[in-house]
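This is what each chain is made of:
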Amino acid sequence: MDLQTIVTLTTGITLLTCVLGVAGLHAYAMGRAQRAALVDRLTSTGQIQVGRTRRFRDLDRRLRRTRLGRQLELRLAATGLDMTPGEFFVYMLATVAALWLIGQASLAPFFGPIAGLLGIGVAIQFLNWQRQKRIEKFINQLPELARIMANATHAGLALRTSISMAAEELEAPAGEELAKVANQLAVGASMDDALSELADRLPSRELVVLVTTLVLSNRAGGQVVSALRNLTETLEERKETRREVRTQLSQVNMTSYAVPAMGVGALFLMNGVKPGALERMTGSPIGQACVIIAFGLYAVGFILIRRLSRIDV
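Predicted, not measured: the structure shown is a model, and the values here were computed from it. (Residues numbered from 1 in each chain as written. Predicted model: local features only at pLDDT ≥ 70, side-chain atom pairs only at ≥ 80, totals over all residues. Heavy atoms only, no water.)

With that settled, the discussion passes to the overall build of the chain. Counting its secondary structure elements, the chain contains 13 helices and zero strands. Each helix (α) and strand (β) of the chain, taken in turn from the N terminus, gives the series α-α-α-α-α-α-α-α-α-α-α-α-α. Looking at the chain as a whole, 30% of its 313 residues qualify as buried. Across the chain, the fraction of contacts at a sequence separation of at least 24, relative to all contacts at a separation of at least 6, is 64%. (Helix = DSSP H or I, 4+ residues; strand = E, 2+ residues; numbered from the N terminus. Buried < 20%, exposed > 50% of the residue type's maximum accessible area, 1.4 Å probe, protein only. Contact = heavy atoms within 4.5 Å.)

Here's what the structure looks like:
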């Protein structure tokens, strides 16, 4: 092989390497662009959330495959918390372990498992409280939401455009939830499905009435403006009524929490007056049964007070 052939072969290999390198860089850049576009689309539709670095990713992936994980994900989505199911599960386990150790060390070994179960109840109650808090805040924004949509519809805008406008003007949680609805409509979802999913995430009578009004108006093409304006007045009146009822029942709600708190405080007081009394009391099956029955009665009292003080407006 002469020198000219070697030079030609080397030049050809070099050019081929450069071409393959450029093609590889182009494919890599296109892949990153497509991935970024996919992430933006899924983020806008609320299917994924980006921002801070997520913890416990492996546990979160495994947990999402289970029925419990999917239910937990729906509950977290309804609360508006920036937390994955895996993170919540780990934090709940940490809370259970901490309460277990505190109950075992401060009272008696028998109270460790009871305190751990109490930690699970506290975690579930925290989710329910966050969800109800978000629903209440959303209900308070419904009159303004209906007013904005009525004005936008009166100006000749379509219902989809009215929802997008309300999502931009309203604060969270109404703005965030309407943005999800607008994004779902943008990717091809029907108006009925998007609004029904909104009502499932934040269930309330007021929202069901608003969703039903919008769905029927969208199907039949009725007088949306007059219906929304009448609904605005009704929602304002219901808002004031709910505020008055909540004020009247605030003392009863505090009583429901004070009753079990007094029972737990009595245990600490008993153990403080006579150290070791709870350990001796729970050392026999009769004492353990009495403690379990007492906790059960406190739980029943808490539930009954909450049920009796619940007034649906």
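Take the packing of aromatic side chains next. One pass over the full model with this rule turns up five aromatic pairs. Ring centres of F110 and F111 lie 5.9 Å apart, and the angle between their planes is 80 degrees; this geometry places the pair in the edge-to-face category. For the pair F110 and F111, a shared accessibility class is recorded, and that class is buried. Here the aromatic cluster, defined as three or more aromatic residues joined through ring pairs, consists of F110, F111 and F295. (Phe/Tyr/Trp six-rings, centres within 6.5 Å; stacked < 30°, edge-to-face > 60°.)

Compared with an ideal rise of 1.5 Å per residue, which puts 24 residues at 34 Å, helix α11 (residues 250-273) spans 34 Å between its outermost C-alpha atoms and is within 8% of the ideal. Those residues of α11 lying buried are S256, G263, L267 and N271. Looking at the buried positions of α11, the neighbouring elements they touch are α4 (85-106), α5 (111-154), α12 (277-281) and α13 (285-308). (Expected span 1.5 Å × (residues − 1).)

With that settled, the discussion passes to the pattern of salt bridges. Taken as a whole, this structure holds six salt bridges when the rule is applied. R64 is the partner of D60 in a salt bridge, and the nearest nitrogen-oxygen pair spans 2.6 Å. Residue D60 and its partner R64 are located together in helix α2 (residues 57-64), separated by four residues, close to a single helical turn. E73 is the partner of R64 in a salt bridge, and the nearest nitrogen-oxygen pair spans 2.5 Å. Through salt bridges with shared partners, a single ionic network connects D60, R64 and E73. (Salt bridge = Lys/Arg side-chain N within 4 Å of Asp/Glu carboxyl O.)

Rolled over the atoms, a probe with the dimensions of a water molecule shows which regions are left empty. All chains considered together, the criterion is met by two cavities of 30 Å³ or more. Estimated volume of the largest cavity: approximately 50 Å³. Contributions of two or more residues to the lining of the largest cavity are made by α5, α8 (191-201) and α9 (205-220). Per element, the largest residue contribution to the lining of the largest cavity is four residues, and it comes from α9. Roughly 30 Å³ of internal volume is contained in the second largest cavity. The wall of the second largest cavity is formed by E136, N140, K239, R242, R243 and R246. The element that contributes the greatest number of residues to the lining of the second largest cavity is helix α10 (residues 224-248), accounting for four residues. For the lining of the second largest cavity, the per-class residue count stands at no nonpolar, one polar and five charged. (1 Å grid on protein atoms, 1.4 Å probe; cavity = no way out; pocket = protein on both sides within 12 Å on 5 of 7 lines; lining within 4 Å. Points joined across faces, edges and corners; volume = space filled by probe spheres on them. Nonpolar A, V, L, I, M, F, W, Y, C, P; charged D, E, K, R; others polar.)

Turning next to the side chain of T282. By the secondary structure assignment, T282 is in the loop between α12 and α13. Apart from the residues within four sequence positions on either side, T282 is in contact with A108, F110, F111, Q288 and V291.

Turning to the confidence of the model for the chain, a few remarks are in order. Mean pLDDT over the chain stands at 80; residues scoring 70 or higher make up 89%. α4 holds the highest mean pLDDT among the elements of the chain, 89, whereas helix α1 (residues 3-44) holds the lowest, 74. (pLDDT = per-residue confidence, 0-100.)

Take the packing of α2 against α4 next. Here α2 crosses α4 at 105 degrees, and the two axes come no closer than 7 Å. One element, α2, and the other, α4, form an angle in the roughly perpendicular class. Residue-level inspection shows L59, D60, L63 and R64 of α2 in contact with α4, the latter providing P85, G86, F89 and V90. Of the residues that constitute the contact of α2 with α4, the class distribution is five nonpolar, one polar and two charged. (Axes fitted to C-alpha atoms, helices over the stretch in contact; angles between N-to-C directions. Parallel < 35°, antiparallel > 145°, perpendicular 65-115°, else oblique.)

Turning our attention to the packing of α4 against α5. Look at α4 against α5: their axes get within 7 Å of each other, and the N-to-C directions meet at 145 degrees. Here α4 and α5 pass one another in a crossing that is right-handed. On the side of α4, the interface is formed by F88, M92, V96, L99, W100, G103 and Q104, while α5 contributes F111, G112, P113, A115, G116, G119, I120, A123 and L127. Across the contact of α4 with α5, the residue classes tally to 11 nonpolar, five polar and no charged. (Left-handed = near helix turned anticlockwise from the far one by under 90°.)

Let us now look at unusual backbone geometry. In this chain, A172 is followed by P173 through a cis amide linkage whose omega measures 5 degrees. Within the fold, P173 resides in the loop between α6 (159-169) and α7 (174-186).

Bringing the side chain of E136 into the picture now. With respect to the secondary-structure elements, E136 resides in helix α5. Residue contacts for E136: discarding those within four places in its chain leaves R242 and R246.

Another point: the environment of L76. Within the element layout of this structure, L76 appears in helix α3 (residues 67-79). For L76, a relative accessible area of 3% translates into the label buried. On a C-alpha basis, the gap between L76 and Q130 in space is 9.0 Å, while along the polypeptide they are 54 residues apart. Residues within four places of L76 in sequence aside, it is in contact with L81, M83, T84, P85, F88 and L127.

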